[in-house]
Amino acid sequence: MASTFSGISTALSGLYAARRGLDVAGQNIANANTEGYSRQRLDLQAVGGSTTPAMYATDPGIGNGVAVRGVERLRDAFLESRARVEHTQSAYLAALREAYVRIEDVFAEPSDTSLQAMLADFWAGWDDVANHPGDMAARSQLVQRGAVIADGLRAAYEGLSSQWRTLRTQTEAYVRDVNESAAAVAQLNFTIKRAEAAGMEVNELADERDMHLLKLAELVGATAVWRDDGTVDVLVDGSTLVSGGIARTIEVVGADQIGDATTNPVRLRWADTHTPVTPEGTLGAMTELLGEILPGFAAALDDVAATLADTVNTLHMAGYDVDGGTGRAFFSGTTARTITVAVTEREVAVASAPGTVDGSNASKIAELAKRDDGADARYRTLVVELGVAALTVNRRAEIQERVTANVDAARLAAAGVNLDEEMISLLAHQRAYEAAARVITTLDSMLETLINRTGLVGR
């Protein structure tokens, strides 16, 4: 048999549930612009009557109010997992695209100050000397154009080297970020596990942990595995970065300058076991740029310089200068860093025989511009490869940006705060609170009649 006072308990549970609902809506509104915040929702459950029969206690068929089971985070686990995958690829391509833009700035093709224009001026200078072999001004201009070519090659190489050093420094900074985020996830794992064991809400802590997980996915391509105790294990390249409350660290090793990158490539490894780590995301792009892309372009530039020096020197050493001397190399050095002009205007060997003033040897050198395996051809190949690679990365990055934006929009729709919805929720909980309060007021009036007026009939 139901107690006369059971209605008060039922209404009181309604008051409590409505108040919690108002608190949750207020929390959502307060964090509408908080990065990483997930919308929360009150989880309510109706409290039924007794399910255990007794001789003198029968259930009237009416429940006993409402119970608050907890406050849920509105997160879609599938969308979160996919977002980490897409952000990993997006971060990788974004880092590559930014690097290719800077590499293209180094070569600045096409332009009047590019290496291609310098080479064209250099070969034109040999034509001028061939047409005016006795003109010292033409010879002086040729030497100056050769010096400009050497300076251009050195400047291009230094530009690549400077970018390499910058990326090397950035890589170390990114690795520190990875280690810090891993340590933060481990600490949050410990805190969340302890709080859940005590029956406390951990939604905000879980939001903070998810932000670190997304950052780790972008930086190093980390994946996450949820455990039954509320903790998350983080994996990188198949190995554990975070397990429960314990975090490992990674470190950067390898060359400190671009010239050593081929023989001692920059790589990541676990600090405790020294086993290699193959990263994805931003650090995946960084290791690729430091170990392959930038050293590859630097080597191609060295090849252009070596080809230029070798082909020009071979013909120049067979010619004769103004004083009848021969066997001098026009360029010294065989790399983009070391190439320089090694002759003066009087030592330019334009003649094919001693004691003659003809430009036949200069004409032969000018024809080097047309060789399929000459410095011009090799440089054009370098520029074409750069352009194709940059275009490919740009297209892939644009496509990936759209995919990532679509996933983020779906995540926001599922977990983001909608102020219109929260206002509706506020009004609904407010009306529920008012109604529950009205029930208590009505029951209070009924009880007053029962207590104060019972037995007064006829008086």
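Treat the numbers as computed from the prediction; the structure is a model and nothing was measured.

The rules behind these values
Residues numbered from 1 in each chain as written. Predicted model: local features only at pLDDT ≥ 70, side-chain atom pairs only at ≥ 80, totals over all residues. Heavy atoms only, no water. Axes fitted to C-alpha atoms, helices over the stretch in contact; angles between N-to-C directions. Helix = DSSP H or I, 4+ residues; strand = E, 2+ residues; numbered from the N terminus. Parallel < 35°, antiparallel > 145°, perpendicular 65-115°, else oblique. Contact = heavy atoms within 4.5 Å. Nonpolar A, V, L, I, M, F, W, Y, C, P; charged D, E, K, R; others polar. 1 Å grid on protein atoms, 1.4 Å probe; cavity = no way out; pocket = protein on both sides within 12 Å on 5 of 7 lines; lining within 4 Å. Points joined across faces, edges and corners; volume = space filled by probe spheres on them. Pairing = 2+ DSSP bridges. Core = buried A, V, L, I, M, F, W, Y, C linked by side-chain atoms within 4.5 Å. Buried < 20%, exposed > 50% of the residue type's maximum accessible area, 1.4 Å probe, protein only. Salt bridge = Lys/Arg side-chain N within 4 Å of Asp/Glu carboxyl O.

Caption draft 1: Region of the structure containing the packing of helix α3 (residues 115–131) against helix α6 (residues 281–316). With their axes 14 Å apart at the nearest point, α3 and α6 run at an angle of 0° to one another. When the interaxial angle is binned, α3 and α6 end up roughly parallel. In this structure, α3 uses L115, L119, F122, W123 and W126 to contact α6, whose residues at the interface are L301, L308, V312 and H316. Of the residues contributing to the contact of α3 with α6, the split by class is eight nonpolar, one polar and no charged.

Caption draft 2: How the structure looks around the layout of surface pockets. The computed volume of the largest pocket comes to approximately 470 Å³. Of all the elements, helix α5 (residues 203–220) adds the most residues to the lining of the largest pocket, at five residues. Of the residues contributing to the lining of the largest pocket, the split by class is seven nonpolar, four polar and eight charged. In this model, the second largest pocket occupies a volume close to 320 Å³. Lining of the second largest pocket is provided by 13 residues; of these, R73, A206, R209, D210 and W226 occupy positions nearest its centre. At the level of secondary structure, the elements contributing two or more residues to the lining of the second largest pocket comprise α2 (77–107) and α5.

Caption draft 3: Geometry of the sheet that holds strand β7 (residues 250–253). Read from one edge to the other, the open sheet built from three strands follows the order β7-β8-β9, with strand pairing classed as antiparallel. Of all strands in the sheet, those with a lone pairing partner are β7 and β9 (276–277), marking the two edges. Relative to strand β8 (residues 267–270), β7 is paired through four bridges, and the arrangement is antiparallel. Note that in β8 the partner of I250 across the bridge is W270. Against the sheet, helix α4 (residues 136–197) contacts β7 and β8, and its axis sits at roughly 170° relative to β7.

Caption draft 4: Up close: the nonpolar core. Ranked by size, the top nonpolar core spans 84 residues in total, and within it F122, W126, L153, L301, L308 and V312 carry the most contacts. Take this core: its biggest share by element is 16 residues, from α4. Excluding anything up to four places from it in sequence, W126 contacts L142, V312, H316, F330, V348, A362, I365 and A366.

Caption draft 5: Seen up close, the environment of A351. Along the polypeptide, A351 turns up in the loop between β11 (340–341) and α7 (360–366). The spacing of A351 and T334 is 17 residues in sequence and 25 Å in space, taken between C-alpha atoms. Every residue in contact with A351, bar those within four places of it in the chain, is listed here: G319, Y320, T356, D358, S360 and N361.

Caption draft 6: Summary view of the sheet that holds strand β3 (residues 223–226). Strands sit in the order β3-β4-β5-β6 across an open sheet of four strands; the sheet is antiparallel. Both edges of this open sheet fall to β3 and β6 (246–247), since each of them pairs with a single strand only. Where β3 meets strand β4 (residues 232–236), four bridges bridge the pair, whose relative direction is antiparallel. Across the sheet, the residue bridging to A224 is V234, located in β4. Packing against the sheet, α4 makes contact with β4, β5 (239–243) and β6, and its axis sits at approximately 50° to β5.

Caption draft 7: Structural detail: the pattern of salt bridges. Using the criterion set out here, one finds 30 salt bridges in the structure. The closest approach of N and O atoms between R328 and E347, which form a salt bridge, is 3.6 Å. Placement of the pair is R328 in the loop between α6 and β10 (331–332) and E347 in the loop between β11 and α7, with a sequence separation of 19 residues. Take E347: its relative accessible area is 22%, and that puts it in the partly exposed class. By sharing partners, the salt bridges in this structure join R73, R75, E80, D207, D210, D408 and R411 into a single network.

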